[in-house]
Amino acid sequence: MSEHPLRPTRRAVLAGTLGALGALAAAGPLARAADRLPPIGGTAPADWSRAVIDSTMKRYTPDKIGGWGYTLGLYLYGQYLFYKRTGEKKYLDYIIAWYDRFITDSGISNSFTNLDSMRSCQMLPLLYAETGRKKYKTAADQLRKRFPSYPRTSDGGMFHATSKVGQLWGDGVYMAQPFLALYGAAFNDGAYCFEESAKNLVVYFSHLREPAKGLLYHAYDEDGSESWASGTGHHSKYHWARAIGWFGMATIDILEVLPANHPRRAALIEIVQFLAAGYQRYQDASTGRWYQVVDRGGDSKNWLETSASSMYTFTMARGVQRGYLPASYQAVADKGYAGVLKKISLDSDGLTKITDICEGTNVGDLSYYYARARKTNDFHGLGAFLIMNEQYMH
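Small disclaimer: the values here were computed from a predicted structure and weren't measured. (Residues numbered from 1 in each chain as written. Predicted model: local features only at pLDDT ≥ 70, side-chain atom pairs only at ≥ 80, totals over all residues. Heavy atoms only, no water.)

A. Local environment of the overall build of the protein. Along the backbone of the protein there are 14 helices and 12 strands. In the protein, buried positions account for 62% of the 394 residues. Considering only residue pairs separated by 6 or more positions, the protein has 71% of its internal contacts joining residues 24 or more positions apart. Per element, the accessible surface of the protein, about 14500 Å² overall, is 50% carbon and sulfur. (Helix = DSSP H or I, 4+ residues; strand = E, 2+ residues; numbered from the N terminus. Buried < 20%, exposed > 50% of the residue type's maximum accessible area, 1.4 Å probe, protein only. Contact = heavy atoms within 4.5 Å. Areas by Shrake-Rupley, 256 points an atom, 1.4 Å probe, with all protein chains shown as cover.)

Below, the structure is given as structure tokens:
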């Protein structure tokens with residue numbers, strides 16, 4: 001059956017509403033000229049977001065860039081932010097071409113048995129607003145209907161996967177909760193969506209936080225049966241950088257749409273403040289970046305990781321902009337921004353390279369985290385970079 005786009009007035013209203021959500025097209029603090037540093041051995045493009053996206057589009061057509069998964073959802077969301085800034089339709093067309101590999105008039109074929117599979121759905125309400133195509137709302141509705149039956153811990157935290165009974169992983173909140181909050185704002189479903197998304201952040205935080213350091217542990221297991229959760233608190237032992245970065249960005253994105261009078265809003269702002277204090281405490285003084293295992297900078301096998309550094313920088317910059325954080329954190333964010341820019345350069349073909357990006361990572365011990373591959377142009381890093389850079393480019 002053919003689709004009938006929304007009437008222009010309705011589309012304009014919806015697009016205008018969504019334009020203020022998540023990290024969309026919101027004016028960020030201007031990057032300091034001194035911090036927009038060229039890469040070592042090269043000349044910086046005028047716009048690093050454009051350079052990264054153009055390079056990626058040259059490397060991959062939409063049908064070759066990869067299958068459904070959270071890393072592509074992260075990257076394409078970053079590309080969408082660039083499109084919203086520039087208004088250049090070819091960048092939206094590329095995103096649509098990728099999503100249309102998976103979204104049909106019937107929606108999406110996905111049983112959503114883990115939170116990772118949900119991340120790419122963040123774009124569905126946005127694509128619906130941009131195009132008026134019903135299939136994007138149909139697919140978004142399918143995921144929304146999944147939440148009431150999705151398994152949870154006794155205090156309401158969504159399992160990282162249906163197969164990981166009782167487990168809450170810090171990265172999981174970014175995969176599902178920003179979509180849920182955005183869906184609530186877009187489709188007048190806030191009574192359920194706002195409360196459920198905010199509650200999950202609070203529940204996860206209660207189990208993962210380490211108050212003495214201002215950091216989060218990677219994961220929690222409700223009954224403590226996992227080998228990594230055998231100690232007091234049933235949490236894992238180490239502070240993996242990107243899990244903490246995912247958590248910060250999720251909290252910021254939900255605050256963007258949560259009503260000003262929502263009863264959990266203050267708790268989410270406190271989470272941002274807690275995380276920012278930890279980010280400041282453990283920022284590497286010489287580079288401005290953060291370590292793979294955040295609090296073990298002195299270990300010779302540890303290394304400075306680019307995707308988490310981008311996430312921390314974004315969270316603090318947006319936190320200052322929104323008034324969640326004191327203005328003093330802007331200097332911490334700016335130092336992080338300058339540090340991340342040192343990890344991007346142009347190769348011999350004039351295409352961008354972003355280095356020292358951790359590959360996808362499970363819960364493990366120190367040797368496991370240290371030994372994770374340090375990749376170049378991994379989509380974890382490309383997406384995080386774009387989200388950070390768009391905060392600074394507005």
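From this point, the discussion proceeds with the structure in view.
B. Representation of helix α4 (residues 89–99) in the model. When we look at burial in α4, the residues that qualify are Tyr91, Leu92, Tyr94, Ile95, Ile96, Trp98 and Tyr99. In this fold, the buried residues of α4 make contact with α2 (48–59), α3 (70–86), β1 (103–104), α5 (124–131) and α6 (134–146).

C. Spatial organisation of the nonpolar core. Tyr99, Phe247, Tyr312, Met316 and Phe385 are the most contacted members of the largest nonpolar core, which has 114 residues in total. Beyond its immediate chain neighbours, meaning those up to four positions away, Met316 contacts Ala276, Tyr279, Trp290, Leu325, Tyr329, Val332 and Ala333. Listed in part, the 14 residues of the second largest apolar core include Trp228, Tyr238, Val293 and Leu366. (Core = buried A, V, L, I, M, F, W, Y, C linked by side-chain atoms within 4.5 Å.)

D. Geometry of helix α12 (residues 329–341). Here α12 spans 19 Å end to end across 13 residues, near enough to the 18 Å set by a 1.5 Å rise per residue. Of all the 13 residues making up α12, 11 are buried; the element is thus mostly covered by neighbouring parts of the structure. For α12, every residue scored as buried is listed here: Tyr329, Gln330, Val332, Ala333, Asp334, Gly336, Tyr337, Ala338, Gly339, Val340 and Leu341. Buried residues belonging to α12 abut α2, α10 (265–282), β7 (290–291), α11 (306–322), β9 (344–346) and α14 (379–393). (Expected span 1.5 Å × (residues − 1).)

E. Up close: the side chain of Ser49. Here Ser49 is to be found in helix α2. Ignoring sequence-local partners within four residues, the contact set of Ser49 consists of Phe82, Arg85, Phe385, Leu386, Asn389 and Glu390.

F. Local environment of the packing of aromatic side chains. All told, the structure shown has 23 aromatic pairs when counted by the stated rule. When the ring of Tyr128 is compared with that of Phe187, the centres are 5.8 Å apart and the planes differ by 50°; the resulting orientation is tilted. With Tyr128 in helix α5 and Phe187 in the loop between α7 (172–186) and α8 (190–208), this pair connects stretches of sequence that are 59 residues apart. Each of the two residues, Tyr128 as well as Phe187, counts as buried. Relative to Tyr392, the ring of Tyr337 has its centre 4.0 Å away and its plane inclined at 5°; by these criteria the two rings are stacked. A residue pair is termed long-range when its members are at least 10 positions apart, and Tyr337 in helix α12 and Tyr392 in helix α14 qualify at 55 residues. The exposure classification of Tyr337 matches that of Tyr392, with both residues buried. The structure contains a cluster of three or more aromatic residues connected by ring pairs, namely Tyr128, Phe147, Phe179, Tyr183 and Phe187. Positioned over the ring face of Tyr77 is Arg119, at 5.4 Å from the centre of the ring. Against the face of Phe187 rests Lys137, its NZ or CZ located 4.9 Å from the ring centre. (Phe/Tyr/Trp six-rings, centres within 6.5 Å; stacked < 30°, edge-to-face > 60°. Lys NZ or Arg CZ within 6 Å of the ring centre and 35° of its normal.)

G. Up close: unusual backbone geometry. One non-glycine residue, Phe112, adopts positive backbone phi at about 50°. Mapped onto the secondary structure, Phe112 falls in the loop between β2 (107–108) and α5. With a phi angle near 60°, Asn377 is a residue other than glycine that sits in the positive phi range. Summarising the element assignment, Asn377 is placed in the loop between β12 (374–375) and α14.

H. Local environment of the environment of Tyr83. Along the chain, the position of Tyr83 falls in helix α3. The class of Tyr83 is buried, set by a relative accessible area of 12%. Through-space distance from the C-alpha of Tyr83 to that of Ile95 is 9.9 Å; in sequence the pair is 12 residues apart.

I. Looking closely at the packing of α4 against α5. Axis separation between α4 and α5 bottoms out at 12 Å; the angle between their running directions is 120°. As the angle between them shows, α4 and α5 are arranged oblique. In the crossing of α4 with α5, the sense of the turn from one axis to the other is left-handed. On α5, the residues that touch Leu92, Ile95, Ile96 and Tyr99 of α4 are Leu124, Leu127, Glu130 and Thr131. Partitioned by chemical class, the residues of the contact of α4 with α5 number six nonpolar, one polar and one charged. (Axes fitted to C-alpha atoms, helices over the stretch in contact; angles between N-to-C directions. Parallel < 35°, antiparallel > 145°, perpendicular 65-115°, else oblique. Left-handed = near helix turned anticlockwise from the far one by under 90°. Nonpolar A, V, L, I, M, F, W, Y, C, P; charged D, E, K, R; others polar.)

J. A look at the pattern of salt bridges. Inspection of every chain in the model, using the stated rule, returns 20 salt bridges. The closest approach of N and O atoms between Arg133 and Asp100, which form a salt bridge, is 3.8 Å. Placement of the pair is Arg133 in the loop between α5 and α6 and Asp100 in the loop between α4 and β1, with a sequence separation of 33 residues. Owing to a relative accessible area of 31%, Arg133 belongs among the partly exposed residues under this scheme. (Salt bridge = Lys/Arg side-chain N within 4 Å of Asp/Glu carboxyl O.)

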